[in-house]
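# Descriptive analysis of the structure
Below, each chain spelled out in residue letters.
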Amino acid sequence: MENRKFLVISAIVFFAGFFIGYTLRLLDVIRGPAFGFEPIFPIHQETVYAMKSLGYEYGRAYGVNSEIEFLDVLRSNIVPAVSIVASGVLLTIPSVTLLFVIGIASGSSFAEILEFTPFLVNIKVIVVLGVFVSAMMFSASTAFHLGYSVYFFIKEKRLVIEKSFYDHFIVASCLVGVGIVLQYILLVM
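Let me sum up the structure you'll find in this document.

## Description of the overall build of the protein
A tally of helices and strands in the protein yields six helices and zero strands. Listing every helix and strand of the protein by position from the N terminus yields α-α-α-α-α-α. Buried residues in the protein amount to 46% of all 189 residues. For the protein, long-range pairs separated by at least 24 residues make up 80% of all intrachain contacts whose partners lie at least 6 apart in sequence. Summing over all exposed atoms, the protein offers an accessible surface of approximately 9,500 Å²; the carbon and sulfur share of this is 71%.

Structure below.
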């Protein structure tokens, strides 16, 4: 894939939020996992659900008593990706903000998951988180391409869409699909 500048920018934004969330949770500056953003970061709730079979009672404090179904996993992965891409039309400012918040939520949850779950669950979460992070970064890169095209259309009165936009969109869509399947198989089933 050529033209990786938007992918690099999305990685910088995500990992800036990730390390802030990870550090705040690791130092116990914040109390709850994921800052209450579980709807846009499903992995924490799915991990707590997976731990219930091992006698892990932590989920009751956060209301993770109900069954998690495939449609919940589907919604929790598609909504953030579509929100990031669709908000790219607004010159990517909401996309950057949403990606940063997802980074903070994933970083704060990841610190807690590493601390309280066994090694096998940690490995599963790392795999699922890697796919989720990649999907969000490619979604943001797609949104940045879209925002750049809108900006260029406003400025020059002509529409320019690069080939890498399509590449990043296809990769993001595939990663969201793989992430849904992996999250369901590794953390819910």
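## Observations concerning the packing of helix α4 (residues 93-116) against helix α5 (residues 119-156)
With their axes 11 Å apart at the nearest point, α4 and α5 run at an angle of 175° to one another. The pairing of α4 with α5 is recorded here as roughly antiparallel in orientation. On the side of α4, the interface is formed by Ser 95, Val 96, Leu 99, Ile 102, Ser 106, Phe 110, Ile 113 and Leu 114, while α5 contributes Asn 122, Val 125, Ile 126, Leu 129, Phe 132, Met 136, Ala 140, Ala 143 and Phe 144. Here the contact of α4 with α5 is composed, by residue class, of 14 nonpolar, three polar and no charged.

## Quick word on the environment of Ser 173
Position of Ser 173 relative to the elements: it lies in helix α6 (residues 163-188). Take Ser 173: its relative accessible area is 38%, and that puts it in the partly exposed class. For Ser 173 and Met 136, which are 37 residues apart along the polypeptide, the C-alpha to C-alpha distance reads 9.9 Å.

## Considerations on the nonpolar core
Counting residues in each nonpolar core, the largest one holds 39 residues, and the members touching the most others are Ile 43, Ile 84 and Met 136. For this core, the elements supplying multiple residues, two or more each, are α1 (5-26), α2 (43-51), α3 (70-86), α4, α5 and α6. If one sorts the elements of this core by residue count, α5 sits on top with 14 residues. Every residue in contact with Ile 84, bar those within four places of it in the chain, is listed here: Ser 95, Leu 98, Leu 99, Ile 102, Met 136, Ser 139, Ala 140 and Ala 143.

## Some words on unusual backbone geometry
A positive phi is found at Lys 157, a non-glycine position, where the angle reads about 60°. Tracing the sequence through the fold places Lys 157 in the loop between α5 and α6.

Here is what the cut-offs are and how they apply
Residues numbered from 1 in each chain as written. Predicted model: local features only at pLDDT ≥ 70, side-chain atom pairs only at ≥ 80, totals over all residues. Heavy atoms only, no water. Helix = DSSP H or I, 4+ residues; strand = E, 2+ residues; numbered from the N terminus. Buried < 20%, exposed > 50% of the residue type's maximum accessible area, 1.4 Å probe, protein only. Contact = heavy atoms within 4.5 Å. Areas by Shrake-Rupley, 256 points an atom, 1.4 Å probe, with all protein chains shown as cover. Axes fitted to C-alpha atoms, helices over the stretch in contact; angles between N-to-C directions. Parallel < 35°, antiparallel > 145°, perpendicular 65-115°, else oblique. Nonpolar A, V, L, I, M, F, W, Y, C, P; charged D, E, K, R; others polar. Core = buried A, V, L, I, M, F, W, Y, C linked by side-chain atoms within 4.5 Å.

Worth remembering: the numbers are spatial, not functional.
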